[in-house]
Amino acid sequence: QKSGISATPRTGAKSQLLKGAGIMLRVAYLSLYNAVCFAGWAYILVKMVALVADGRITDLWKELGDTVKMVQTLAIMEIFHSGAGLVRAPISRAIPQIFSRIATVWWSMEALYTFPFTPFPKKEGCEGALDMLDCTEERNYQFGVMTLGAWCCAELIRYTFYGINTVDARLVPFPVMWLRYTGFIILYPIGVAGEMLCAYHTLPLIQKGLCPTLGGLLPTCSPNAEFLLYLFLVCYLPGLPFLYFAMLGERKKRLYPKAAPKLAGIVFPLTKKGDRSTTTTSREVFACAMDAVDEKAGAKIRKEKNWRFGYARHIVEHLRTAAKSESHALKMAQAGLDKMYSAFDVIAEDGTSMKLKDAMTKSSGTFHTHTIQGKAAKVARKELMVPYKCYHTGVFKELRGQDLKDQVDKWVAYGTIEPDCGTAIKEVVDNPKWTDLTGKHFVLLGATSAMGPFNLLKELGAHIIAVDLDRPGIWKKIIESVENSSATVTFPMRQAFSGQTGDALYSVCGANLMTEFPKIATWLCAALPQVAKGAPVTIGGYAYLDGELHVRVNLACDAIIDSVIKSYGASKVTLANLCTPTDAYLVPEAAREAVKTNLRTAPLWMKLLSMVAGPTLKWLQPNVTKPIVSDDGSKKYLMDGLVLAQGPNYATAKRLQQWRAVLARSQGCTVSINIAPATATASVISNKSFEAAYKGIYVFKPMEVFYQEVSLSVMGALLIYDTSSPNSAANLKNKLANPAEIFFKNAFHGGAARCLYQYTSVGEVAVLVHVASNYGWILLVGALPIVWFVVKAVM
C-alpha cells in the first residue's frame, strides 16, 4: 500500500523532470544552431565586403565558396526542425526557400565561379575564348555579390530574432522585431532576382556541356539540363508570391496586432504558464475525449508539440476511433464536453471567475419578454425558390418546381451533393404544405448570422424566438422585417415593454451570447413554455466569430441549448445546426468510389502537378483514406476535408457542435445538422486568399462554391425536410449504425466528399488557376522570354 500511495507523485515528478529537461535541451540546441548560422553569415558578409573593397571580386568564390556551401546547406536542418515540431514555422515555407538556395549555391554559383566563360552578349574579341579567364564578364561576379549580400542581411536579422525568441519571446527588442518583419520587403526580391540571374547566366556553360560535378556525384551534364534550368526558373513564379504574401501577413499580425479586448464571459482557462493558450486547452480537450476509450491515443495527442499544424491528423484519428462503435462515439462526445465545461472559465462583470459548469447553476437574473406579430397577410402556399447564380459563370436563374428538381439532379449527377440530399430537396418541392411554418417555433441563437435561416423562416410565417446582440441597428432590422411579413418574433428585453417604439424599443432589445448566456438560458427556459405552450421547438446556434472567439461563442450557445433540452424536454426539442465541408466525416462507399473515378480521369496537368508538388509542397493530395473496420466487422469510409489554414480553433468549435448533436440524439432529440457547401459570405471573401481560391476551385471536379443566397435557400429546405419528413435521418425512428453518420446525411457538401484531392491541398493551386485565368496576359508577357528559351531548348 505504501508503494501504491507514493507511486503517482514520484511518477508525476519524474515526468515533469523529463519534460523540463526536454525543453532545456530544445532551447540549448536551437540556441547553438542559431548562433552557428549567425556566425557563418556574419563571416561571409564581412569577408565579402572586404573583398569588394579591395577590388578582388573575382576571388569571391575561391575565398568563400566552401563556407557559403556549408552554411547554406546547414539550413536543411530547418526542415527537420519544422517537421519534428521543434519550431512552429510551417514546413511548406521552409522547403522551397531552402532548396532554391541550395540549388543556387551548389549549381549556379559553383558554375559561375568555377568555369571561366562568356555569357551573352559576348564581349568583343571573346568569341570561342572559353578558356580565357580575362574574357569572363565581371557583372557575373556582381550577381553573386548581389545574391549573397541580400542573403546575409536577411539571415543575420532572422537568426538574431530566432536566437532571442527561442529563449523568451518577450525579450525580443522591437527594432529586431521590426527588422525581421520589414527587411524582407526589400531583401527577398533582391535575393530572388540574384538567384534567378545566377541561374540564367549558367546557360552558356550548359550549352557547352559544362556543369558542376557536385563533388563528383554528377560526372557530366544531364541531357535535359537546359530544360531543367528553365523549369527551375519557372518555379519562382508561384514560389515568390507564396512566400512574400505569407510574410506580409505575418508582418501585419506581428507589428500591428489588434488590441486585446477586455476578457468577459466564457474564456479559455489559465494554463500553467499563466496565459490563456488556446493551443494547450484544445489539445487537452481532444486528449480527454480520446482518453474515454483509448488512453494511449490520448497520450499521443498530448505529445503533439506543433498543434497548430499537427491537429488535423489527430482529429481524423478521433473520427476513426469514434467510428468503431456507438459506445465509442458517445463516450468520446461526453468526455470532450465534460472537459470543456470543467476547464473553461466564466468571468463576470465584476471580474470574478468561476468554471463554466458552475456558472449555469449559480447565475441569477433574466430578461423581459416581448412578442411582435407581422402585419402582412399569410401567403396561402409558399413555393420553395432557390435564387441560383453560378459562382463561376455568373449565370442567374430563379429555380422553382421542376426547374429546381432538374438542377438538383444535375448537382447529384456531377457529385456536388449526395443523392439523399437531392431526394430531400425534391421531397420538399413536392410537399408545399411543409413550407407553411405558421405556428412552428424556432429559437435562433445569433439570429442575423450570415448563414442563419432567419429570412427564410420569416418568409414562411414561422414564430421566431430571436437572440442577438443588444445593438439597436440589429433590432431595427429584425423588428421592421418581421412587421412587414406574416411571421412572429419573440425576443428578450432589458426593460419591461411599456409601449416603446422606434429607437426607444430597439435600444433595450437583445442580449450578448458571450457574456450573458446564463441569463439567456434562464429567460428561454421560462419563456418557451409560455410562447410555444408545449409544442415542438427547434433551437439552433448560428453565431460565428473568428479565431478563438468562435470556440467561446459556440460554447455559450451549447450551454443555452443544453439548458433548454433539459428544461423543455428532449422529445419536444429539435437541435439544428450546420456542418462545414472542411472537416472529417464518415462517408458512404459510393463517395469513395467517385473519388477514385475522378482521380483516374483527372487532367494530365493535375496528375503531373500532384506527382511533382505533392511530396514536397503537399499540393493535390488524393482524397482517399484507409477504410475503418468497426467493432461489428463492417467497413466504414471517411473523407478528410480539414483545411489547415482554418486552424484548430475552428475545428474545436465544430467538434463541440458535433459532440452535442450525437449526445442530444441519444437523449431523444431530433437532430437536424447538415453539411453546408463552401459559401462566399462577406466574412470569408474578406480574406483575399480565400476569395481567390474560391474563384479557382471549380477546376477540381465536382467542386462548386455557392453564393450566400443559394446556400441559405437549400440549407433552409433541408431544415424543413428534417422537421417535416418521416423519411429524414433526423427522425429518431430511422436508426443509424453509428451516431457520427448523422452528419453526412443529406450532405450538400459542394463536391468536397467526392473531390479527387483533399480540400486542404487544392487551395494554392486554385489561387494560381484564378490568377492565371484573370491576369494571364500579365504572366504571359513576363514569361515570354522563358517560354521562348524553353521551346528553343526542346527543339
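Residues numbered from 1 in each chain as written. Predicted model: local features only at pLDDT ≥ 70, side-chain atom pairs only at ≥ 80, totals over all residues. Heavy atoms only, no water.

**Quick notes on the sheet that holds strand E1 (residues 265–267)**
Alright, step 1. The strand order E1-E2-E3 describes an open sheet built from three strands, whose pairing is antiparallel. With one partner strand each, in any of the chains shown, E1 and strand E3 (353–355) form the two edges of the open sheet. Going from strand to strand, the sheet's axes swing by 35 degrees on average, the running direction of each strand aside. (Pairing = 2+ DSSP bridges. Helix = DSSP H or I, 4+ residues; strand = E, 2+ residues; numbered from the N terminus. Axes fitted to C-alpha atoms, helices over the stretch in contact; angles between N-to-C directions.)

**Focus: the pairing of strand E14 (residues 635–640)**
Alright, step 1. Of all six residues that make up E14, five are buried, and the element is covered over most of its length.
Alright, step 2. Sheet topology places strand E12 (residues 584–587) next to E14; four bridges connect them, and they run antiparallel. Each residue of the ladder has a partner; that of Leu586, found in E14, is Leu638.
Alright, step 3. Bridging between strand E13 (residues 628–629) and E14 involves two bridges; their strand directions are antiparallel. In the strand pairing of E14, Ile628 is matched with Lys636.
Alright, step 4. Where E13 folds back onto E14 in an antiparallel hairpin, the turn is made up of five residues, including Gly633, whose phi is positive at roughly 90 degrees. (Buried < 20%, exposed > 50% of the residue type's maximum accessible area, 1.4 Å probe, protein only.)

**Overview of the confidence of the model for the chain**
Alright, step 1. Considering every residue of the chain, the mean pLDDT works out to 88; 90% of them sit at 70 or more.
Alright, step 2. Between the elements of the chain, mean pLDDT differs from a low of 61, seen in helix H29 (residues 763–794), to a high of 98, seen in strand E7 (residues 441–445).
Alright, step 3. Predicted confidence is poor over residues 1–11, with pLDDT under 50, and the contacts of this stretch with residues over four places away or in other chains come to zero contacts.
Alright, step 4. A low-confidence stretch, residues 778–795 (pLDDT under 50), is modelled with 13 contacts involving residues beyond four sequence positions or located in other chains. (pLDDT = per-residue confidence, 0-100. Contact = heavy atoms within 4.5 Å.)

**Here we look at the packing of helix H7 (residues 184–200) against helix H10 (residues 236–255)**
Alright, step 1. The N-to-C vectors of H7 and H10 enclose an angle of 165 degrees; their axes lie 11 Å apart at closest approach. As summarised for this structure, H7 and H10 are arranged roughly antiparallel, according to the angle between their axes. Relative to H10, H7 is oriented so that their crossing is right-handed. Residues Phe184, Ile185, Tyr188, Pro189, Val192, Glu195 and Met196 of H7 pack against Tyr236, Leu240, Tyr244, Met247, Leu248 and Arg251 of H10.
Alright, step 2. Classifying every residue of the contact of H7 with H10 by side-chain character gives eleven nonpolar, no polar and two charged. (Parallel < 35°, antiparallel > 145°, perpendicular 65-115°, else oblique. Left-handed = near helix turned anticlockwise from the far one by under 90°. Nonpolar A, V, L, I, M, F, W, Y, C, P; charged D, E, K, R; others polar.)

**A word on the sheet that holds strand E4 (residues 368–373)**
Alright, step 1. Across the sheet, seven strands lie side by side as E4-E9-E8-E7-E10-E11-E15; this open sheet has mixed pairing. Edge positions in the open sheet fall to E4 and strand E15 (670–675), since each of these has one partner strand only. Put simply, the sheet's adjacent strands are angled 20 degrees from each other on average, direction ignored.
Alright, step 2. Bridge count between strand E11 (residues 573–579) and E15: six bridges; the pairing is parallel. Its bridge partner lying in E15, Ala576 is registered against Ser672.
Alright, step 3. Sitting on the sheet, helix H19 (residues 472–483) touches E4, strand E8 (463–467) and strand E9 (488–493), and the angle it makes with E9 is about 150 degrees.
Alright, step 4. The strands that helix H28 (residues 708–724) touches are E7, strand E10 (537–541), E11 and E15; relative to E15, the one it contacts most, it runs at about 155 degrees.

**A closer look at the layout of surface pockets**
Alright, step 1. In this structure, the second largest pocket encloses a volume near 490 Å³.
Alright, step 2. For the second largest pocket, the lining is made up of 19 residues, of which Ile347, Ala348, Glu349, Thr515 and Pro518 are closest to its centre.
Alright, step 3. Elements with a minimum of two residues in the lining of the second largest pocket: strand E2 (345–347), helix H15 (356–362) and helix H21 (513–531).
Alright, step 4. Looking at which element gives the most residues to the lining of the second largest pocket, the answer is H21, with four residues.
Alright, step 5. Its residues assigned to classes, the lining of the second largest pocket comprises eight nonpolar, five polar and six charged. (1 Å grid on protein atoms, 1.4 Å probe; cavity = no way out; pocket = protein on both sides within 12 Å on 5 of 7 lines; lining within 4 Å. Points joined across faces, edges and corners; volume = space filled by probe spheres on them.)

**A closer look at the packing of helix H9 (residues 225–234) against H10**
Alright, step 1. The N-to-C vectors of H9 and H10 enclose an angle of 25 degrees; their axes lie 5 Å apart at closest approach. Accordingly, the angle class assigned to the pair H9 and H10 is roughly parallel. From H9, Phe232, Leu233 and Val234 reach across to H10, where they touch Tyr236, Leu237 and Pro238.
Alright, step 2. Looking at the contact of H9 with H10, its residues break down into six nonpolar, no polar and no charged.

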